[in-house]
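Descriptive analysis of the structure
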Amino acid sequence: MYYKDGWTQAEIANKLGVSRPVISKLLQKAKDEGIVNIYIKDETVRTVELEQQLEKRFGLNDAIVVPNSGQSREIVKRAVGLAGANYISHNMKGVQRIGISWGRTLAALVQEYPYERRDEIKIVPLEGGMGVKEVEIHANQLANEFAKKINGTCTYLYAPAIVETEELRERLMAMQDIETVLESGRQVDLALIGIGNPFNDSTLMKIGYLTEEDVSHLRELGAVGDIGFRFFDEQGEQISDPTSNKIIGITLDELKGIQKVVAVVEGEQKAESVLGALRGQFINVLIVDEQMASAILKKVKE
């Protein structure tokens, strides 16, 4: 009545036979519990132009650019996450299975996602993730939290993202439960991914998946970024590094087979990484901040 029909609090109180302060408290409670989310849609000319340039240059289905002048990285990350949440919420037609990767920006998307009833949707992790560090951004955890938000279901990939040896990977991949989840990941209607940079503010290093030696080797190989722990060069070609055959998760080629892949990325330092992913045609929807978008387009012109 208040938000959709435009009734005043007094009119609603009279209709329901309660006092106006009761209605006021209920409206506030709705916001506090996340039943109602309010956000400002700031489509400036600048960001719309950047969106159009990205879509045209890289053949994207959609590009969303979030304004971020003068804001802290944490605020920008939440804004990009919210933009991603709104995009997914409004583009669910025909979607029954959603794959989700890992990372802080995806965690922001899940946190900002509105509570909905989409009982028919299943959330699937696209790679493993176990341990004690940064568990809140692992794919399994994000799948679980996302499923709660939409009142859907999820599966779990009970395996590390990167194992110690190729032999161990082969044994784990031979397990029926793990293969079933990975096959579900290959068959999702929509995939949500982040894109990492191994050299600048690397989350992989922070959680111990990469050592200084690994990073040096990746630099020598020409790596510029990763999606789900799979590294690629500036042209989007996958790099065969020592960890490639130790990963429990879908491959970049398998990612390309998914109908809609949405990348949600924050941080100008990842511009080269996102550009490589765009050249590799791994994604068809890009949601980024304004500085990132400008940096990508600048690099294309260089």
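Quick summary incoming for the structure in this document. Model, not experiment: these values are computed from the prediction.

Here we come to unusual backbone geometry. The phi angle at Phe229 is positive, at roughly 75°, despite the residue not being glycine. Phe229 gets classed as buried once you look at its relative accessible area, which sits at 3%. Even without glycine at this site, Gln281 takes up a positive phi of about 55°. As for its position among the elements, Gln281 is in the loop between α12 (271-279) and β9 (285-289).

What follows covers the packing of aromatic side chains. Between two aromatic rings, the relevant description is the distance of the centres plus the angle of the planes. Summed over the entire model, instances satisfying the criterion amount to five aromatic pairs. The interplanar angle of 85° and the centroid separation of 5.0 Å between the aromatic rings of Tyr2 and Tyr3 together place this pair among those described as edge-to-face. A residue is classified by how much of its surface remains accessible, and Tyr3, at 42% relative accessible area, is partly exposed. Lying across the ring of Tyr115, Lys149 places its NZ or CZ 5.2 Å from the centre.

Both strand β2 (residues 97-100) and strand β3 (residues 122-125) contribute to a ladder of four bridges, which runs parallel. Considered in β3, the bridge of Ile98 is made with Ile123. With helix α5 (residues 104-112) bridging β2 and its parallel neighbour β3, the resulting β-α-β unit is right-handed.

By secondary structure assignment, the location of Phe282 is in the loop between α12 and β9. Sequence-wise, Phe282 and Glu33 are 249 residues apart; in three dimensions their C-alpha atoms are separated by 36 Å. Filtering out sequence-adjacent residues up to four positions away, Phe282 remains in contact with Ile227, Phe232, Gly236, Leu252, Leu255, Lys256, Val261 and Ala277.

Cut-off values and rules
- Residues numbered from 1 in each chain as written.
- Predicted model: local features only at pLDDT ≥ 70, side-chain atom pairs only at ≥ 80, totals over all residues.
- Heavy atoms only, no water.
- Buried < 20%, exposed > 50% of the residue type's maximum accessible area, 1.4 Å probe, protein only.
- Helix = DSSP H or I, 4+ residues; strand = E, 2+ residues; numbered from the N terminus.
- Phe/Tyr/Trp six-rings, centres within 6.5 Å; stacked < 30°, edge-to-face > 60°.
- Lys NZ or Arg CZ within 6 Å of the ring centre and 35° of its normal.
- Pairing = 2+ DSSP bridges.
- Right-handed = clockwise from strand over helix to strand, strands pointing away.
- Contact = heavy atoms within 4.5 Å.

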